[in-house]
Amino acid sequence: MTGAMTETSAGANEPHPSTKPEDLTEAEQKKLKSELAKLEAEIVTLRHALADKERHCVELKRKLGLTALVGLKQNLSKSWHEVQVSNAYMKQKTSAALSTMGSALCKKLGDMKKSSTFRSFEGLVGTIKSRVAGGREL
């Protein structure tokens, strides 16, 4: 186990050591190896403690009914709500609503213009106009 830990602790992202092993005295090498072994043991202990805490967390969530699916659903609901209250979404929604309303209004006016009631009203207005004008050009 210690050999595996040594490999993970000496990663490619770490800077290269400024001293070579042959530059160190035997006592310094012994001290560093001892410190490394202690750190690796501590890392193993912390990993076990973290795993225990994660198991406990999962158990508490299970008892509370907070399954992964419920959490995902809550995250999606929250994200969707944030999208809905965003300025861009509101502008798009308003624009679409106004466009739909405009189309519906134009269609209704067109239908109304074709109706017999509107034609008779139009004729009545024309008659009144001609009587008021009395044959004069407007």
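Residues numbered from 1 in each chain as written. Predicted model: local features only at pLDDT ≥ 70, side-chain atom pairs only at ≥ 80, totals over all residues. Heavy atoms only, no water.

Applicable threshold: UniProt positions are given in the numbering used here, feature names are shortened, and annotations may be inferred rather than shown by experiment.
The name given to the chain in an unreviewed UniProt entry is TPD52 like 3, and the organism recorded there is Pipistrellus nathusii. The Sequence similarities (unreviewed entry) field of the UniProt record for the chain holds the comment "Belongs to the TPD52 family."

**Considering the overall build of the chain**
The test is simple: Secondary structure elements follow DSSP: runs of H or I of four or more residues count as helices, runs of E of two or more count as strands, with numbering from the N terminus. The protein chains shown are the only cover counted for residues, whose accessible areas, like all others here, come from Shrake-Rupley with a 1.4 Å probe.
Helices and strands together make up the secondary structure of the chain, namely 5 helices and 0 strands. Split by element, the accessible area of the chain, about 12,700 Å² in all, is 62% carbon and sulfur.

**A short note on the pattern of salt bridges**
Filter applied, for reference: The term salt bridge refers to a side-chain nitrogen of Lys or Arg lying within 4 Å of a carboxyl oxygen of Asp or Glu. For every residue, the accessible area (1.4 Å probe, protein chains only) is compared with the maximum for its type, and the residue is labelled buried under 20%, exposed over 50%, or partly exposed between those bounds.
Enumeration according to the criterion identifies 3 salt bridges in this entry. The residue Arg 55 makes a salt bridge to Asp 52 at a minimum N-O spacing of 2.2 Å. Remark: Asp 52 and Arg 55 occur in helix H2 (residues 26-64); sequence separation between them is 3 residues, near one turn of the helix. Here Arg 55 falls in the exposed class, since its relative accessible area comes to 54%. A residue is classified by how much of its surface remains accessible, and Asp 52, at 43% relative accessible area, is partly exposed. In this structure, the salt-bridge partner of Glu 59 is Arg 62, at a minimum N-O distance of 2.4 Å. Here Glu 59 pairs with Arg 62, and both are found in helix H2, just 3 residues apart, close to one helical turn. For Glu 59, a relative accessible area of 30% puts it in the partly exposed group. For Arg 62, a relative accessible area of 53% corresponds to the exposed category.

**As for a nonpolar patch on the surface**
What counts here: Patch construction takes residues with relative accessible area above 30% that form no salt bridge. Like charges are linked within 9 Å, and nonpolar side chains (Val, Leu, Ile, Met, Phe, Trp, Tyr) are linked within 5 Å.
Together, Phe 121, Leu 124, Val 125, Ile 128 and Val 132 make up an exposed nonpolar region whose accessible area comes to about 490 Å². Mapped onto the fold, Phe 121 is located in helix H5 (residues 116-133).

**Section: the packing of helix H4 (residues 87-114) against H5**
Cut-off, in case you're wondering: All axes are obtained by fitting lines to C-alpha atoms, using only the stretch in contact for helices, and the reported angles, taken between N-to-C directions, cover 0 to 180 degrees. If an angle is under 35 degrees, it is roughly parallel; if it is over 145, roughly antiparallel; if it lies from 65 to 115, roughly perpendicular; otherwise it is oblique. Contacts are residue-level and defined by heavy atoms, with any inter-residue pair within 4.5 Å sufficient. All residues other than Ala, Val, Leu, Ile, Met, Phe, Trp, Tyr, Cys, Pro, Asp, Glu, Lys and Arg, Gly among them, are scored as polar; the first ten of these are nonpolar and the last four charged.
Contact pair H4 / H5: the axes reach a minimum separation of 5 Å and the direction vectors enclose 65°. The angle between H4 and H5 places the two elements in the roughly perpendicular class. Contact residues: Met 112, Lys 113 and Lys 114 in H4; Ser 116, Phe 118 and Arg 119 in H5. Along the lines of polarity and charge, the residues of the contact of H4 with H5 split into 2 nonpolar, 1 polar and 3 charged.

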